[in-house]
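One letter stands for each residue in the lines below.
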Amino acid sequence: MAAVPSWSSLALVPQEKRLFQASRGVLAGFLYKRNKTTVFKKAWDRGSSVTDSRNRKLGVICCTSMQDATSQLGESPEFTVLRIHYNRKDRRYENWGLHAWGDVSVHTFWEKPLYATGSDGFGLYWDVQVKPKGLLNFIIHKGEIKDCSGLISIGHADFWVISECSTIFTEKPDLDSMPKGNLSFSRAYWVSQKLLAWNMEIEHAQFSMFASKNANLNLSAGGVKGEDLVIQLEEEQGRLPIKVIEKFPHIAHYKALKLPDGLDKKYLVKSQLAIACIDADGIPVDATGIQLPGVLDDLFSYDGPLGPIFTQNSVMLHLWAPTAQSVCVLVYLSPSGGSLLESVQMKEDNGVWSVCGPKSWEGKYYLYEVTVFHASTQHVETCLVNDPYSRGLSANGERSLFVDLDNGSLKPEGWDSLAGEKPQFEAFTDITIYELHIRDFSVGDKSVDPNLRGTYLAFTLPDSAGVCHLKKLAESGLTHLHLLPSFHFAAVDDNKENWKFIDDERLASLAPDSEEQQAQIVTIQDEDSYNWGYNPVLWGVPKGSYSTNPNGSSRILEFREMVRALNSIGLRVIMDVVYNHLHASGPNDKDSILDKVVPGYYLRRNTDGLVENSTCVNNTASEHYMVNRLIIDDLLLWATEYKISARNALDRLSREKNGVDGAKVYMYGEGWDFGEVAHNGRGINASQLNLTGTGIGSFNDHIRDSVLGGSPFGPPLQQGFVTGLSLQPNEHNHGNKDDVTKYLASTTDWIHVGLSGNLREFVFTNHEGLEVKGSEVQTHDGVPVGYAGSPKETINYVSAHDNETLFDIIMLKAAKEVPLEERCRINHLATSIVALSQGIPFFHAGDDMLRSKSLDRDSYNSGDWFNRLDFTYESNNWGVGLPPKEKNGNNWPLMKRLLGNPSLRAGKHHILSAHENFQNLLRIRRSSPLFRLGTANAIQARVCFHNTGPSWIPGAIVMSIKDGDKGMPGLAQLDPLYRSVVVIFNARPSEFVAPISALKSLPLTLHSIQEASSDARVKTSFYDASTGTFKIPPRTTSVFVEAR
């Protein structure tokens, strides 16, 4: 046993004594406090030293048992042993553990639960030391999968729990008398008109389906009771049909069960349904609920009109709700409150409920009253709900608005002819994107009328500071403005009078590294005016909080005026949609809509019938026909009715017929492969690898991670190409010098692939001197870096709304000794890699102004304070306090050191320099079509990388792009001005000097835009044609051209 050190030498006063469960024993330790810092001295069951939060080594106590540990603490507290028994029907107990807290002797960690003390005929059991007459909280779980949980008032020696049963028994239950199954789960699937599927493998079993229109089904030891109808099912031999497996690949191994002919299936889907199994002796084995999307798609897929349809004399309403038992439309005069004008029963035809109302309904408000069985409550519910195809709303979506989007009063001047006046571009690779939050744009702009700040109309003010900024970017070559969510979302009250505010002057008076700013913001963050908007409620209506009046049709007209104004200054508008999840579900949440209309259909569910939440919360099931249709309808709506320019390659739309040129509409997305859909778990998903050849763009996180270092989910100090990896390391342990140098070389190959459009078939010479394809370059976990089939399928970026801003991540990763001037140059260098790459460059608003969020890594709900933009260029918002603790607290010590350093505060001249550099990059990209090649073949034939192979000079990338000559064999001529361009990205903290033999004798000169810039350093870039030698200053991107 290791010797116990003298704690008194540290002048610490013990506050509390604790025991902790370890992997091979028990930890005994003391909790101390000193200078407001809690220090826990741990005694591991292995005889090694441990380190406290101040990095001081402490002695340990080896404890192999609870008695050992309590003895080392100098006392033997009075504990009693409580036993928790756990039974699982499937008898599969591997890796199930107990998380316990409260009046227990052993404090467990979620990641390391208590494993079973033993097992008996009932199942597993845990012996837990507890204080007599105390309270024990517990959760039995396997990883993140939770089963039984509860609060025990300690008074018995034994407690029994059964999987999926909420009861905690104080006497051993008779398992034979317990119900077999659980109707609150839906583990069976009605996959087609004639087939059900269930993961139940029992020989000589009999299967039955039960139905109850009034939801009277219940489960007892004798089986399912309370049915209106029971249907015998026939077991099918062999696998499920191929079409079913293609639609539901995750249940390919389930048993197929056939329904008899002659059933009224349209009646059945409106009922509570269950399936049960009995064995050859007639003894119940299991029972569960049934998921319906398969049969709903098979029976009720529908392509007719939905939502409100306006004619000269009437308003027609259509609602797809095949499981509803009754639907009425309720009509109101006012946006909220007031009396009901009329209630009209709708009629059903094959799952679609319709009604024809008078033209006088236009301008009034309405809701549907839907009576439907809801599996989440096991009851027939009557829900008031918005129209999923609403085209207008009252404040906060309280009611839908009868509004005709074709009404002339809702169209700005020239709206119908806007398609012909939009800024033009030849190909999708001409696109350059700037991502912006609507409120960020103007809320702090004092040149904007206070009543218009944070609204759509702020974009219509031609002389505001923000609009002038956008004009300059558009004139330089920016083509598209990407707006963060602006459909109806939750978490921001549409009624401005309800918003809460903080005192900005008070916050501004606080220290740059103070905790107080975030503390004040957090107190109102759910009641203020701010949220990114990734909380979808209704996709097809503009958000009311960005309008001057959230009631009526103002939001529609003002959104359109915003689009027209941005088009007029040369910018097309992109809308950030969030089709992969919804904010709410269930029959009671006010923001739940789709799940009230057709419960269990629009949201993807797991094999227990519970809603999947991997995307955030309430994942949508886009694999279901009517969900897919709703998404496509919404795409068409925004493209045609709001002239949004970047959504999908909707070639069927024409300027003449639809008022929008579908060939100019572009769609892109994240392309991540995770959650239940990973590896095509629910059919072919829109992951990076699957999007190849579709023409749909996806974000290239490989270039982001290699340029900056690490990933958003790793240690914040991990460095990359521009932030000093190997060449100017920070205090993070990246490994030994040889490994770090090799890692820099290999990840520089990622950048080569990204600069060439991230093409999977692009061939180049890698860091080992081998010719490889982009797809053969792999990440550390074996994922191909290159995946695109054409450059338009790649969105290159290094920053976005998620995670830290570009400036902030550089501040975190750069070595301590790197001065602010050099950090600013790193910012310029990172943006240059994106701007001069093949594919489509994407920038976060403020990349061009050294934008900071005071190191906030997730500012979605951090208020205006941390998200501010200053178009006067006086401030970049650095050092406005420590960012909110919830997402950033672990890194506060590091952040405090940086934010409190006055030498790291950017001045106006730094911000203006970044802005000029960004404009120059846009101008250079626009100056030559060689930066915007449209095909993979063109890139392979024209783009070449030098300074590669084992003899490369680390930290520098040399890229050349060549053109042909008109009338000459070989490459076609694309550029009337330049025969070739050479770009050198020097991320080194020192000069890059190297002869490039392949570029020898070319008459290259520095690009005229860089020659005319105010960047004195880039002007010192040098090229000697006689030797092919380039000399590039530190942390500089130099562009050379061969003029015709």
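Please read these numbers as outputs of a predicted model, since none were measured by experiment.

Asker: Residues and numbers for the overall build of the protein chain, please.
Answerer: Within the protein chain, the secondary structure is distributed over 22 helices and 50 strands. Computed over its C-alpha atoms, the radius of gyration of the protein chain comes to 32 Å, within 12% of the 31 Å expected for a compact globule of 1044 residues. Taking the principal axes of the C-alpha coordinates as reference, the protein chain spans close to 95 × 90 × 60 Å. Residue burial in the protein chain is summarised as follows: out of 1044 residues, 57% are buried. Accessible surface, the protein chain: about 41,800 Å² in total, of which carbon and sulfur atoms supply 50%. Of the side chains in the protein chain, 103 bear a positive and 121 a negative charge, and the two mean positions are spaced by 4 Å.

Asker: Could you give an account of the packing of helix 15 (residues 806–813) against helix 16 (residues 820–835), naming the residues involved and the relevant values?
Answerer: One way to put it is that helix 15 packs onto helix 16 with a least axis distance of 10 Å and a crossing angle of 125°. It follows that helix 15 is oblique to helix 16 by the angle criterion. Considering only the axes of helix 15 and helix 16, their crossing is right-handed. Contacts between helix 15 and helix 16 pair Leu806, Phe807, Ile810 and Met811 from the former with Leu820, Arg823, Ile826, Asn827, Ala830 and Thr831 from the latter. Class assignment of the residues belonging to the contact of helix 15 with helix 16 gives a composition of seven nonpolar, two polar and one charged.

Asker: Give me the lowdown on the nonpolar core, citing residues and values where you can.
Answerer: One finds Trp190, Trp320, Tyr368 and Phe459 to be the most contacted residues of the largest nonpolar core, which totals 195 residues. If one sorts the elements of this core by residue count, helix 16 sits on top with eight residues. Here Phe459 is in contact with Leu436, Ile438, Phe441, Val467, Leu470, Leu481, Leu483, Met562, Ala565 and Leu566, once residues within four sequence places are set aside. Among the nonpolar cores identified, the runner-up in size contains 22 residues, and Leu98, Val128, Val130 and Phe159 belong to it.

Asker: So, the pairing of strand 12 (residues 158–162): which residues are in play, and what are the values?
Answerer: Taken across its five residues, strand 12 has four buried, putting it largely inside the fold. Both strand 6 (residues 80–87) and strand 12 contribute to a ladder of five bridges, which runs parallel. If you follow Tyr86 over to strand 12, its bridge partner there is Val161. Bridging between strand 12 and strand 13 (residues 168–169) involves two bridges; their strand directions are antiparallel. The partner of Val161 across the bridge, within strand 13, is Ile168. Here strand 12 hands over to strand 13 after five residues, with Glu164 in that stretch at a positive phi of 70°.

Asker: Lay out the confidence of the model for the protein chain with the relevant residues and their values.
Answerer: In this model, the protein chain carries a mean pLDDT of 91, and residues with pLDDT of at least 70 account for 91%. This stretch, residues 1–76, has a pLDDT under 50; its non-local contacts, to residues over four places away or in other chains, come to 145 contacts. For the stretch residues 647–651, pLDDT sits under 50, and the model shows 25 contacts to residues farther than four places along the chain or on other chains.

Asker: Can you explain the packing of aromatic side chains? Please cite residues and give values.
Answerer: A full pass over the atoms with the stated rule returns 40 aromatic pairs. Their ring planes at 40° and their centres at 6.2 Å tell us that Phe425 and Phe428 sit as a pair that is tilted. What makes Phe428 buried here is its relative accessible area of 13%. An aromatic cluster of at least three residues, connected via ring pairs, comprises Phe425, Phe428, Tyr666, Tyr668, Phe699, Tyr797 and Phe842. Lying over the aromatic face of Trp865, Arg868 brings its terminal NZ or CZ to 4.0 Å of the ring centre.

Asker: Tell me about the sheet that holds strand 37 (residues 668–669), residues and numbers included.
Answerer: Strand order in the open sheet formed by seven strands is 36-33-32-42-41-38-37, with parallel pairing between adjacent strands. A single partner strand is all that each edge strand has here, and the edge strands are strand 36 (572–575) and strand 37. Both strand 37 and strand 38 (residues 697–700) contribute to a ladder of two bridges, which runs parallel. For Gly669, the partnering residue across the bridge sits in strand 38 and is Ser698. Packing against the sheet, helix 16 makes contact with strand 41 (794–796) and strand 42 (840–844), and its axis sits at approximately 145° to strand 42.

Asker: Help me get a handle on the pairing of strand 15 (residues 195–198), residues and values and all.
Answerer: Residue alternation in strand 15 divides its side chains into two sets, Leu195 and Ala197 and Leu196 and Trp198, and both sets are buried. The loop that links strand 14 (residues 188–190) with its antiparallel partner strand 15 comprises four residues. Taken together, the four bridges between strand 15 and strand 20 (residues 255–258) define a ladder with antiparallel strand orientation. Each bridged residue has a counterpart across the sheet, and for Leu196 the counterpart in strand 20 is Leu257.

Calculation rules
Within every chain, residues take consecutive numbers counted from 1 along the sequence as written. Residue-level local features of this predicted model are given only where pLDDT is at least 70; pairs of side-chain atoms are given and counted only at 80 or more, and the full residue set underlies all totals for whole chains, interfaces and linings. Only hydrogens and water are removed before side-chain values are computed, so all heavy atoms of the structure are retained for them. Counting from the N terminus, the helices are the DSSP runs of H or I reaching at least four residues and the strands are the DSSP runs of E reaching at least two. Based on C-alpha atoms, the radius of gyration is set beside the globule rule, defined as 2.2 Å times the residue count to the power 0.38. Each residue is placed in one exposure class: buried if its accessible area under a 1.4 Å probe, protein chains only, is under 20% of its type's maximum, exposed if it is over 50%, and partly exposed if it falls in between. Surface accessibility follows the Shrake-Rupley procedure with a 1.4 Å probe radius. Residue values consider only the protein chains on display as shielding. Charge assignment: positive for Lys and Arg, negative for Asp and Glu; neither His nor the chain ends contribute. Taken as the charge location is NZ of Lys, CZ of Arg, CG of Asp or CD of Glu. Axes here refer to lines fitted to C-alpha atoms; in helices the fit is confined to the stretch in contact. Angles between the N-to-C directions go from 0 to 180 degrees. Any angle that falls under 35 degrees is termed roughly parallel, while one over 145 is termed roughly antiparallel, one within 65 to 115 roughly perpendicular, and all others oblique. Less than a right angle of anticlockwise turn of the near helix away from the far helix marks a crossing as left-handed, whereas a clockwise turn marks it as right-handed. A contact between two residues is defined here by any heavy atoms of the two lying within 4.5 Å. Just so you know the grouping, Ala, Val, Leu, Ile, Met, Phe, Trp, Tyr, Cys and Pro go in nonpolar, Asp, Glu, Lys and Arg go in charged, and all remaining residues, Gly too, go in polar. Within this scheme, the nonpolar core is defined by two criteria: the residues are buried Ala, Val, Leu, Ile, Met, Phe, Trp, Tyr or Cys, and they are joined through side-chain atoms within 4.5 Å. At least two bridges found by DSSP between two strands are what make those strands a pair. pLDDT is a residue-level measure of predictor confidence that goes from 0 to 100. When two rings of Phe, Tyr or Trp (its six-membered ring) have centres within 6.5 Å they constitute a pair, described as stacked for plane angles under 30 degrees, edge-to-face for angles over 60, and tilted for the intermediate range. Cation placement over rings: the criterion is NZ of Lys or CZ of Arg within 6 Å of the ring centroid and within 35° of the ring normal.

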